[in-house]
Amino acid sequence: MKKIISHIGWFIKVEWKQYTIMFILLIGISIISLAPAKVLGEAIDIIVSSQLTRQNFIWLFGLLLLIPVLRYLMSFLYNFMVTKEAQKLAYQLRSNYLKHLFKMDSKFYEMYEKGDLISRVTSDLDSITQAATSLLEGIIFNVGLIIFAIAVMGMTISWKLTIISITIMPIGITILNIIRNKKRKYIKIHREIYADMTEKVLENVEGQKTIRAYVQEENDLKRQYDAINKDIESWRYIVKYENWFTPMFEVIYGIAYILAFSFGTFYIMQQEMTLGGLITFVAYIGQLYGPITSISGIFTQINNAHISIDRFEQVMNEKPEVHDEIDSKAIIDFNVIEFKDVTFKYPFDKQPVIKNIDITIKKGQTIGIVGPTGAGKSTLIRQLLREFNVSEGTILVDNQPIQSYKIEDIRNLVGYVPQSHILFRRSFDENILIGKPNASSQMLDKAVKLADFEKDLMFLHDGLHTMVGESGVSLSGGQKQRLSIARALIKEPAILILDDSLSAVDAKTEDNIINHLKEFRKGKTNIIIAHRFSAIHDADIILVLESGRITQRGTHQELIRQEGWYKTQFIEQMTMR
Ligand SMILES: Nc1ncnc2c1ncn2[C@@H]1O[C@H](COP(=O)(O)OP(=O)(O)OP(=O)(O)O)[C@@H](O)[C@H]1O
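Within each chain, residues carry numbers counting from 1 in the order of the written sequence. Selection of residues for local features in this predicted model requires a pLDDT of at least 70, selection of side-chain atom pairs for listing and counting requires 80 or more, and totals for whole chains, interfaces and linings are taken over all residues.

Student: Hey, could you run me through the overall build of the chain in this one?
Tutor: In terms of helices and strands, the chain carries 19 helices and 10 strands. Radius of gyration: C-alpha atoms only; globule rule: 2.2 Å multiplied by the number of residues to the exponent 0.38. Over its C-alpha atoms the chain spans a radius of gyration of 36 Å, topping by over 25% the 25 Å that the globule rule assigns to 577 residues. Across its three principal axes, the chain shows a C-alpha extent of roughly 120 × 55 × 45 Å. Exposure criterion: with C-beta atoms placed from backbone coordinates, a residue whose C-beta has 20 or more other C-beta atoms within 10 Å is buried, one with 12 or fewer is exposed, and one in between is partly exposed. Relative to its 577 residues, the chain shows a buried fraction of 29%. C-beta atoms are first placed from the backbone for all residues, and any pair lying within 7 Å is then listed as a contact. For the chain, contacts bridging at least 24 residues in sequence account for 80% of all contacts bridging at least 6. Secondary structure elements are taken from DSSP: a helix is a run of H or I of four residues or more, a strand is a run of E of two residues or more, and numbering for both begins at the N terminus.

This is the structure:
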């Protein structure tokens, strides 16, 4: 409870006026809920004692009519407000979470699976929001109703009967507590199993084409069913205790009725209470059932919310290792970038992927990077995106460590075209404009031209306004590559990185793009990772990376004269042509 309040205290502080009105409404609703039984009891006593007059009748009739109308109005207002507050809170928590995810670095995304992150912002967040809003109702309304009912029963009907009837209640409440404690143990496990199931469903949706291509539907479905079964199994544990104990609570509650009825009849005979009093009393016993079980439900909700808050806060408390310092410097262009003895190891790996790298990248140069698959080419160049901190050595930008600059500025220097192209379900131009949202239409046209995408436009029914299908499925591999290149080019970045981004285009298109880069990116830096040497042939410097180390460097002409990986591969590629 304390945890929930401290977690959403800021929200209650901001919304205190609404919370105060809701508090007053709930007290009103709980008092008014008790009124019909009381009026009915009074009416019966008046009838039994033959004191029913026309005036009494109109008065009682009016009251019985007014009570539900008032209750309806108050409940309507309360429900309206509570729903609005729940939505506001969910919006705030969700947007804070999403903002936080954007701040996190690549290490964080290696630690958490997508499905897990999604379940934290959906089911966990729902349980926090629910607790934060329904707790007020649960506690104020139910506790209020129990207190008022017992007070009315004791003060206006019979203290003795009240004490006799409610002594049985603690046993019932203890039973409800047992159920709650047993459930708590399994809820945490269930949340983890649920996250795992979400991850598997996501993987299945993303990879369904591959699964179908390899006719693996049955195997994959089996994996899915296993995950779903595990989820159901864990939920079964949770409801098991409920199914065992809830009927016992009903039996004990029934005893309260028997006690009220038998002792009540006895007190009527003793003329210690009236028939109307007993009817009101029994009606109140009935009215207490809901609040008592609800309060136990509230404790379950509190438990769930505690677990969810822990899971939610675990993510929110993660700090990115790659972050800005207060005195981080701004940078809009550079002259020279130097890798000095850089070694890098992925956070959860034992061995470094790139080792003792020394390179100098000057403004205006075109650098080619080649090497066997898995040699570390992408890893090497992605260091410029500041996804991770290097493990050893330094990267200097104009003689200052790269960490001393604002991360956003460093990323803004770079236009990175990755190997796997992420296209969004937006139009072609919107996909390109992600590179520079405020670009003019001339800049857009130029980027399309430079990426050699112009020729594809005639096949699009609505030109650049045509929608790209889900994850770009309606595009060929080469079209996706060129669209991604246009996105990077529109940014007019100081450094353009093509990470094996020409692998799916034909030789002529590759030639066109390389020629466009030479022509239009004069004075800017291009880094091209490629397997086909034709793409890096004219680079100022070509680096050969093997097993994470630079084994050769030089121009194409220099490298084909040296014995080594480059010459061997070059001859192989020439003979295959
Ligand atoms: N996020 C990651 N976490 C752990 N290891 C990784 C990660 N990304 C890449 N690796 C590993 O680092 C090594 C180098 O990968 P990298 O993608 O840099 O090579 P590459 O030379 O670009 O390969 P390719 O030519 O096939 O694209 C590989 O062994 C790969 O498994």
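Next comes the rest of the write-up.
Student: Mind showing me how you'd approach the packing of helix α2 (residues 16-48) against helix α5 (residues 114-157) here?
Tutor: Packed helices, taken two at a time, are described by the angle between their axes plus the distance between the axes. Here α2 crosses α5 at 40 degrees, and the two axes come no closer than 9 Å. Handedness of the α2/α5 crossing: right-handed. On α5, the residues that touch Met22, Phe23, Leu26, Ile27, Ile29, Ser30, Ile31, Ser33, Leu34 and Lys38 of α2 are Leu136, Glu137, Ile140, Phe141, Gly144, Leu145, Phe148, Ala149 and Val152. Taken together, the residues of the contact of α2 with α5 break down into 14 nonpolar, 3 polar and 2 charged. Convention adopted: a line fitted to C-alpha atoms gives each axis, helices being fitted over their contacting stretch, and angles between N-to-C directions are expressed from 0 to 180 degrees. In a left-handed crossing the near helix is turned counterclockwise from the far helix by less than a right angle, and in a right-handed crossing that turn is clockwise. Classification used: nonpolar for Ala, Val, Leu, Ile, Met, Phe, Trp, Tyr, Cys and Pro, charged for Asp, Glu, Lys and Arg, polar for all others including Gly.

Student: Explanation requested: the domain arrangement of the chain in the structure shown.
Tutor: One frequently used descriptor of interface size is the decrease in accessible area upon assembly of the parts. Domains assigned within the chain are domain 1 (2-316) and domain 2 (336-576). The gap between the C-alpha centroids of domain 1 and domain 2 is 56 Å. Of the residues lining the interface, 4 residues belong to domain 1; the matching set on domain 2 comes to 4 residues. For the domain bounds, the source is a domain assignment made automatically or taken from a database.

Student: Would you explain the sheet that holds strand β4 (residues 392-397) in this entry?
Tutor: Strand pairing in a sheet relies on backbone hydrogen bonds. The paired strands run either parallel or antiparallel. Two strands are said to pair when DSSP picks up at least two bridges between them. The 4 strands are arranged β2-β1-β4-β5 in an open sheet whose pairing can be described as antiparallel. The open sheet has two edge strands with one neighbour each: β2 (354-362) and β5 (400-401).

Student: Sorry, what's going on with α5 here?
Tutor: Residue pairs spaced three or four apart in an α-helix point in one direction, given the helix's 3.6 residues per turn. Each helix should span, by expectation, one fewer than its residue count multiplied by 1.5 Å. The end-to-end C-alpha distance of α5 is 60 Å, a good match for the 64 Å that 44 residues give at a rise of 1.5 Å each. Note that bend, as reported per residue, equals the angle between axes fitted to the 7 residues terminating at that residue and the 7 residues originating from it. The sharpest bend along α5 comes to roughly 40 degrees, located at Ser134.

Student: Quick question: what am I supposed to make of the site of the ligand here?
Tutor: If you check the shell around the ligand, you find 13 residues, and the closest are Tyr346, Thr373, Lys377, Ser378 and Thr379. Taken together, the residues of the shell around the ligand sort by class into 3 nonpolar, 7 polar and 3 charged. Here is the check we use: build the C-beta atom from the backbone, and if it is within 6 Å of the molecule or strand, call the residue near.

Student: Sorry if this is basic, but what is going on with the sheet that holds strand β3 (residues 366-370) here?
Tutor: What the 6 strands build is an open sheet, ordered β6-β7-β8-β3-β9-β10; its pairing is mixed. Of all strands in the sheet, those bounded by a partner on one side alone are β6 (414-417) and β10 (549-554). Each neighbouring strand pair of the sheet contributes to a mean axis angle of 15 degrees, computed without reference to strand direction. In this structure, strand β7 (residues 495-499) lies alongside strand β8 (residues 525-529), joined through 5 bridges in parallel fashion. Bridging across to β8, Leu498 finds its partner in Ile528. Against the sheet, helix α16 (residues 477-490) touches β6 and β7, its axis set at about 180 degrees to β6.

Student: Please clarify how the UniProt feature "transmembrane region" (unreviewed entry) in the chain should be interpreted in this entry.
Tutor: UniProt positions are given in the numbering used here, feature names are shortened, and annotations may be inferred rather than shown by experiment. Feature annotation in UniProt assigns "transmembrane region" (unreviewed entry) to the following positions: residues 20-37, 57-78, 135-155, 161-179, 251-269 and 275-299. Secondary structure across residues 57-78 divides into 100% helix and 0% strand, with the first and last C-alpha atoms of the span separated by 32 Å. Split by type, residues 135-155 is 100% helix and 0% strand. Its first and last C-alpha atoms lie 29 Å apart.

Student: What is the right way to read helix α17 (residues 507-520) from this model?
Tutor: Relative to the 20 Å expected for 14 residues at 1.5 Å per residue, α17 spans 20 Å between its end C-alpha atoms, a close match to the ideal helical length. Where α17 is concerned, the buried positions are Glu510, Ile513, Ile514 and Leu517. Seen end-on, α17 carries its buried residues on one side only, within an arc spanning 95 degrees. Seen from the open side of α17, the exposed residues pointing more than 90 degrees away from its buried face are Lys508 and Glu519. Elements in contact with the buried residues of α17: α16 and β8. To be clear, the arc concerns the directions from the helix axis to the C-beta atoms.

Student: Where do I start with the environment of Asn219 in this structure?
Tutor: Counting through the fold element by element, Asn219 comes out in helix α9 (residues 217-269). Assessed through the 11 C-beta atoms surrounding it within 10 Å, Asn219 is described here as exposed. Considering only alpha carbons, one finds Asn219 and Val414, 195 residues apart in sequence, at a separation of 42 Å.

Student: Sorry if this is basic, but what is going on with the pairing of strand β1 (residues 336-344) here?
Tutor: Side chains on a regular strand alternate between the two faces of the sheet. As paired elements, β1 and β2 share 6 bridges and run antiparallel to each other. Looking across to β2, one finds that Glu338 is bridged to Thr360. Of the strand pairs in this sheet, β1 and β4 are connected by 5 bridges, and their pairing is antiparallel. What sits directly across from Ile337, in β4, is Val397.

Student: Before we go on, may I ask you to explain the environment of Ser328 in this structure?
Tutor: Within the secondary structure, Ser328 is located in the loop between α10 (275-316) and β1. For Ser328, a count of 16 C-beta atoms within 10 Å puts it in the partly exposed group. Residues Ser328 and Tyr405, spaced 77 residues apart in sequence, show a C-alpha to C-alpha distance of 4.9 Å. Setting aside its immediate chain neighbours within four residues, Ser328 contacts Ser404, Tyr405 and Lys406.

Student: Whenever I open this one, the pairing of β4 confuses me. Can you help?
Tutor: By the bridge criterion, 2 bridges tie β4 to β5 in an arrangement that is antiparallel. The residue bridging Leu396 from the neighbouring strand is Pro401, located in β5. Between the end of β4 and the start of β5, which pair antiparallel, lie 2 residues, with Asp398 showing a positive phi angle near 50 degrees.

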